[in-house]
Amino acid sequence: MSLYAIGDFHLSFTVHKPMEIFGAEWTNHAQKLRDNWLLTVRPEDTAVITGDHSWGRNLEECRADLDYIADLPGRKILLRGNHDMFWDPAKTERLNREFAGRLEFLQNNFYEYGEYALVGTKGYCDEGRDASPQQLEKLLRREENRLKLSLEAAKRAGYGKFIVFLHFPPTSIYETESRFTKMAEEYGAEKVIYSHCHGKKRYGDSIRGYQNGIEYKLVSSDYLGFIPEKIL
């Protein structure tokens, strides 16, 4: 039994959103993902998919994309990404009921993996797109609170070993630490896993490797060559 992670499937079986415009490596990426998944992940394994699952704007437009993910081997835990318009955070339990036995949705909750609690939230960082510093702070604070909810739920359940999953990088490009890295340190997380960064110019946007005893891993699908990364 192993734990894997990968992010940014950017599927579009229902809507038309070709990913090849972002680079030749995205050509037939859904087939690459499936082929590599079948070679890597076994039915008894767990995989966390760190957001940006579908380009669909609502659940009906995303259903074929989510079915594609659900049909892959293993236990699949989904984290919300910035493009996942189908996923209202307040209705996460509704998604968990609808896809029970097929997919699990990580938002303001946690999932167990052996002695570990898998916790997470979408996260956020400064990419120069916010209208004001106040808007940036509002979004950062919201995601900080959501991560704390996830960690506290796991802690109340008796867990003391944590792996943190984010969609956005844990730091902005001008930071070496952030409220997310500090929270990971406060709770003694062993690893922080994130995605969102695409293309060679973006792979170094945030921390990779070890910092203050925590291992940081980038798992954007193009960075991984569309091969799920073993975490444990």
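A brief report on the enclosed structure follows. (Residues numbered from 1 in each chain as written. Predicted model: local features only at pLDDT ≥ 70, side-chain atom pairs only at ≥ 80, totals over all residues. Heavy atoms only, no water.)

1. As for helix H1 (residues 29-40)
So, step 1. The terminal C-alpha atoms of H1, which comprises twelve residues, lie 16 Å apart, in line with the 16 Å expected from a rise of 1.5 Å per residue.
So, step 2. Every buried residue of H1 is accounted for by His29, Ala30, Leu33, Asn36 and Trp37. When H1 is viewed along its axis, its buried side chains cluster within an angular range of 135 degrees and face the same direction.
So, step 3. The inward-facing, buried residues of H1 abut strand S1 (3-6), strand S2 (46-49), helix H2 (59-70) and strand S3 (75-79). (Helix = DSSP H or I, 4+ residues; strand = E, 2+ residues; numbered from the N terminus. Expected span 1.5 Å × (residues − 1). Buried < 20%, exposed > 50% of the residue type's maximum accessible area, 1.4 Å probe, protein only. Arc of directions from axis to C-beta. Contact = heavy atoms within 4.5 Å.)

2. Notes on the sheet that holds S3
So, step 1. Pairing within the open sheet is mixed, and its five strands lie in the order S4-S3-S2-S1-S11. Unpaired on one side and paired on the other, strand S4 (104-106) and strand S11 (229-230) mark the two borders of the sheet.
So, step 2. In this structure, S1 lies alongside S2, joined through four bridges in parallel fashion. Bridge assignment links tyrosine 4 to a residue of S2, and that residue is alanine 47. (Pairing = 2+ DSSP bridges.)

3. Focus on the pattern of salt bridges
So, step 1. This structure, assessed with the given rule, holds 24 salt bridges.
So, step 2. Note that glutamate 60 is salt-bridged to arginine 63, the shortest N-O span being 2.9 Å. With a gap of three residues between them, glutamate 60 and arginine 63 both fall in helix H2, about one helical turn apart.
So, step 3. The exposure class of glutamate 60 is exposed, given its relative accessible area of 55%.
So, step 4. When the shortest N-O distance is used, the salt bridge between glutamate 143 and arginine 142 registers 3.5 Å. (Salt bridge = Lys/Arg side-chain N within 4 Å of Asp/Glu carboxyl O.)

4. Side note on the environment of leucine 136
So, step 1. Along the chain, leucine 136 turns up in helix H4 (residues 133-156).
So, step 2. Separated by 123 residues in the primary sequence, leucine 136 and phenylalanine 13 have C-alpha atoms spaced 33 Å apart.
So, step 3. Contacts of leucine 136, omitting those with residues within four sequence positions, involve Tyr124, Cys125, Asp126, Asp130 and Tyr174.

5. Some details on the pairing of strand S10 (residues 214-218)
Working note: regular strand, side chains alternate between the two faces of the sheet.
So, step 1. Taken across its five residues, S10 has five buried, putting it largely inside the fold.
So, step 2. Because side chains alternate across S10, one face comprises the buried residues Ile214, Tyr216 and Leu218, and the other comprises Glu215 and Lys217, equally buried.
So, step 3. Bridge count between strand S8 (residues 191-194) and S10: four bridges; the pairing is parallel. Across the sheet, lysine 191 pairs through a bridge with glutamate 215, a residue of S10.
So, step 4. Summarising the sheet, strand S9 (residues 209-211) and S10 pair through three bridges and their orientation is antiparallel. Bridging across to S10, glycine 209 finds its partner in tyrosine 216.
So, step 5. Here S9 folds back onto S10, and the loop between the two strands holds two residues, one of which, asparagine 212, carries a positive phi near 50 degrees.

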